[in-house]
Amino acid sequence: MKKNLTALLLALTLALSLAACGGSSGGESKSADLTAFYETLASDETLPAMMLLEEEQLEAYYPGLSGVAAKQRVVALAAISSVAGELALVEVEDAGDLETVKGILQARIDYQVGDGNGPGGAFYPETMENWEKNSRIVSNGNTVMLVVCEDAGGAVERFQALFA
C-alpha cells in the first residue's frame, strides 16, 4: 500500500510539474512592426537624418547579418558620416539566433569605436565617442535592436514599450 501511494504521489508530482512548464503559446514572442517603429523615431527626430540600408549593402556594414533568417529587418544609417546615428532592428525566426545577432551588432559598435591604437570606423573623435557612450543593444522576445543616438535611453524605453 505504501509503495502504491508513493508511486501515485510521484506520478502526480510529475504531472503537475509538466503542466506548470507547459502553457498556451508561452514560447511565442510578441511581434511589432519594426518599419513603423523606425519611422516613428525618424519622424520625431529621436534619430538624426537617416537613410535605410538596402539588403545588398548589409554585409558591408554588418557582416554575417544577411545570413541570419529574419522575419523583419530594418537597418538605417546616419545620412552624414560625421554624425553618430544608427538603428538596426532584427526579428529573428529562431530564438537561437539572438546571440548571433547581438554579436554582429556588438562587432559594429567595436569597429566604429576603434581599439585605441587608431581611428575607429566612425573616424571623427566626437563621433567615435558618441558610438562608445550612446550605443545600446537590447532585445525583447525574438527582436533585437541596436540604437546609436543622443537619446539612446529614450529609444530603448520606446522599444521595450512596443512589447508591453
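Higher on the page you've got the structure.
So, here is what we can say about the structure in this document. The model shown is predicted, which means the values in this text are computed figures rather than measured ones.

Attention now moves to the packing of helix 4 (residues 98–113) against helix 5 (residues 125–133). Look at helix 4 against helix 5: their axes get within 8 Å of each other, and the N-to-C directions meet at 150°. The orientation of helix 4 with respect to helix 5, classified from their angle, is roughly antiparallel. Crossing of helix 4 over helix 5 shows left-handed handedness. Contacts between helix 4 and helix 5 involve Arg108, Ile109, Gln112 and Val113 from the former and Met128, Trp131 and Glu132 from the latter. Partitioning the contact of helix 4 with helix 5 into residue classes produces four nonpolar, one polar and two charged.

Attention now moves to the nonpolar core. Ranked by size, the top nonpolar core spans 23 residues in total, and within it Tyr62, Leu65, Val75, Val101, Leu105, Trp131 and Leu146 carry the most contacts. Counting only elements with at least two residues in this core, the list comes to strand 2 (70–78), strand 3 (86–92), helix 4, helix 5 and strand 5 (143–148). For this core, the leading source of residues is helix 4, giving six residues. With sequence-adjacent residues up to four places away left out, Val75 is seen in contact with Met51, Leu52, Leu53, Leu58, Tyr62, Leu65, Leu87 and Ala88. Grouped together as the second largest cluster of nonpolar side chains are 20 residues, Tyr38, Met50, Val74 and Met145 included.

The computed volume of the largest pocket comes to approximately 210 Å³. Along the walls of the largest pocket sit 16 residues, with Ala78, Ser81, Glu86, Arg108 and Gln112 positioned nearest its centre. When contributions to the lining of the largest pocket are tallied by element, the ones reaching two or more residues are strand 2, helix 4 and helix 5. Each residue belonging to the lining of the largest pocket can be placed in one class, and the counts come to nine nonpolar, five polar and two charged.

Here is what the cut-offs are and how they apply
- Residues numbered from 1 in each chain as written.
- Predicted model: local features only at pLDDT ≥ 70, side-chain atom pairs only at ≥ 80, totals over all residues.
- Heavy atoms only, no water.
- Axes fitted to C-alpha atoms, helices over the stretch in contact; angles between N-to-C directions.
- Helix = DSSP H or I, 4+ residues; strand = E, 2+ residues; numbered from the N terminus.
- Parallel < 35°, antiparallel > 145°, perpendicular 65-115°, else oblique.
- Left-handed = near helix turned anticlockwise from the far one by under 90°.
- Contact = heavy atoms within 4.5 Å.
- Nonpolar A, V, L, I, M, F, W, Y, C, P; charged D, E, K, R; others polar.
- Core = buried A, V, L, I, M, F, W, Y, C linked by side-chain atoms within 4.5 Å.
- Buried < 20%, exposed > 50% of the residue type's maximum accessible area, 1.4 Å probe, protein only.
- 1 Å grid on protein atoms, 1.4 Å probe; cavity = no way out; pocket = protein on both sides within 12 Å on 5 of 7 lines; lining within 4 Å.
- Points joined across faces, edges and corners; volume = space filled by probe spheres on them.

So, to be careful, I would describe these as geometric facts and stop short of saying anything about function.
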